[in-house]
Amino acid sequence: MLNFGGGASAPPTNTDLIKDSSEATFMEDVVEASAEVPVIVDFWAPWCGPCKTLGPAIETAVTKAGGKVKLVKIDIDQNQMIAAQMRVQSIPAVFAFVNGQPVDGFMGALPPSQVEEFVNKIASMGAGGAGGGLDEAVAAAEEMLAEGAIADAAQTFAAIAQEDPNRADAYAGLVKCHLAMKDLDQAQGLLDTAPDPIFNAPELVALRAQIDLQRAAEDAGDTADLRAKLEANPNDHETRFELATALLAAEKAEEAVRELLELFRRDREWNEDAARQQLFKIFDSLGPQDPIAQAGRRKLSSMIFA
């Protein structure tokens, strides 16, 4: 691993801080590396006009941060699977990772001043960074939520979001509080009106997927009945899809993923690619570090590229 500290160490070079990556090295370059220093990922393409403006602005800001943050660039034309897994719908798209987790992001070009502000914010999240009182407040609110003090957690998250409206972790925490209170409509409303800079932040994308899955699960059938029907006709794709939904409702995500992968194997184009789209929703809702999501992504990738 590169060492950015130490009294006699040379200052980091652009090669240390900025690199191109691929599907083969994404885990090493982004997920693993972000345990040591925050990593910003820039999804771009050679034909993208705004990317030609945003890319240099991020590189300048990252270089100026002096080793407190790294930049990894992903050409979506060469790495379509990673772009799909991260739900990149337009470019430029930027995500920030800390300790293996996506923590913030934005889509579209920003002026250099806002780019530098974003980079400095991510740099402050690293070890020894100056995250300040808001970081501690978010951690405290997360602990309240985990302990069941939902109202207190919601108040804390709301206060943080008022202090910094573009703080995705606090906004997501407030949404999670409403989900914990079984108020899906309020949670959905918050997601629909999220500030533009964090509207497509990974945390909020994951929560949208979670709500979509919960709403679908409300009408889920009985798993035993669906399994019996499927055994009678293994090519009944509609029943297999319904079974996966019922398994999700029963909190059996791994089995749901297995059924959807089997459906994709049998007919990947069924119902306008419904199996793959549902798998992505599950992966988003579970998070990038979840072992079920990781295993499912690998299996899906192997099918796609087979």
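This text goes with the structure placed above it.
Everything numeric here is computed off the predicted structure, so don't read it as measured data.

**Some points on the nonpolar core**
Point 1. Within the largest apolar cluster, 26 residues are counted, with the highest numbers of intra-cluster contacts made by Leu279, Phe283 and Leu300.
Point 2. Where this core is concerned, the elements lending two or more residues are α11 (223-232), α12 (237-249), α13 (253-266), α14 (270-286) and α15 (291-304).
Point 3. Discounting residues that sit within four places of it in the chain, Phe283 has contacts with Val257, Ala293, Gly296, Arg297 and Leu300.
Point 4. Ala141, Phe157, Ala170 and Ile198 belong to the second-largest nonpolar core, a separate cluster that totals 25 residues.

**Points about the side chain of Asp273**
Point 1. Within the element layout of this structure, Asp273 appears in helix α14.
Point 2. You can call Asp273 buried: its relative accessible area is 12%.

**Re the pairing of strand β5 (residues 101-107)**
Point 1. A large share of β5 lies buried, amounting to 5 of its 7 residues.
Point 2. Bridge analysis of strand β4 (residues 93-98) against β5 gives 6 bridges, and the strand direction is antiparallel. What sits directly across from Ala93, in β5, is Met107.
Point 3. Taking the residues between adjacent antiparallel strands as the criterion, β4 and β5 are bridged by 2 residues, where Asn99 takes a positive phi near 55°.

Criteria and thresholds
- Residues numbered from 1 in each chain as written.
- Predicted model: local features only at pLDDT ≥ 70, side-chain atom pairs only at ≥ 80, totals over all residues.
- Heavy atoms only, no water.
- Core = buried A, V, L, I, M, F, W, Y, C linked by side-chain atoms within 4.5 Å.
- Buried < 20%, exposed > 50% of the residue type's maximum accessible area, 1.4 Å probe, protein only.
- Helix = DSSP H or I, 4+ residues; strand = E, 2+ residues; numbered from the N terminus.
- Contact = heavy atoms within 4.5 Å.
- Pairing = 2+ DSSP bridges.

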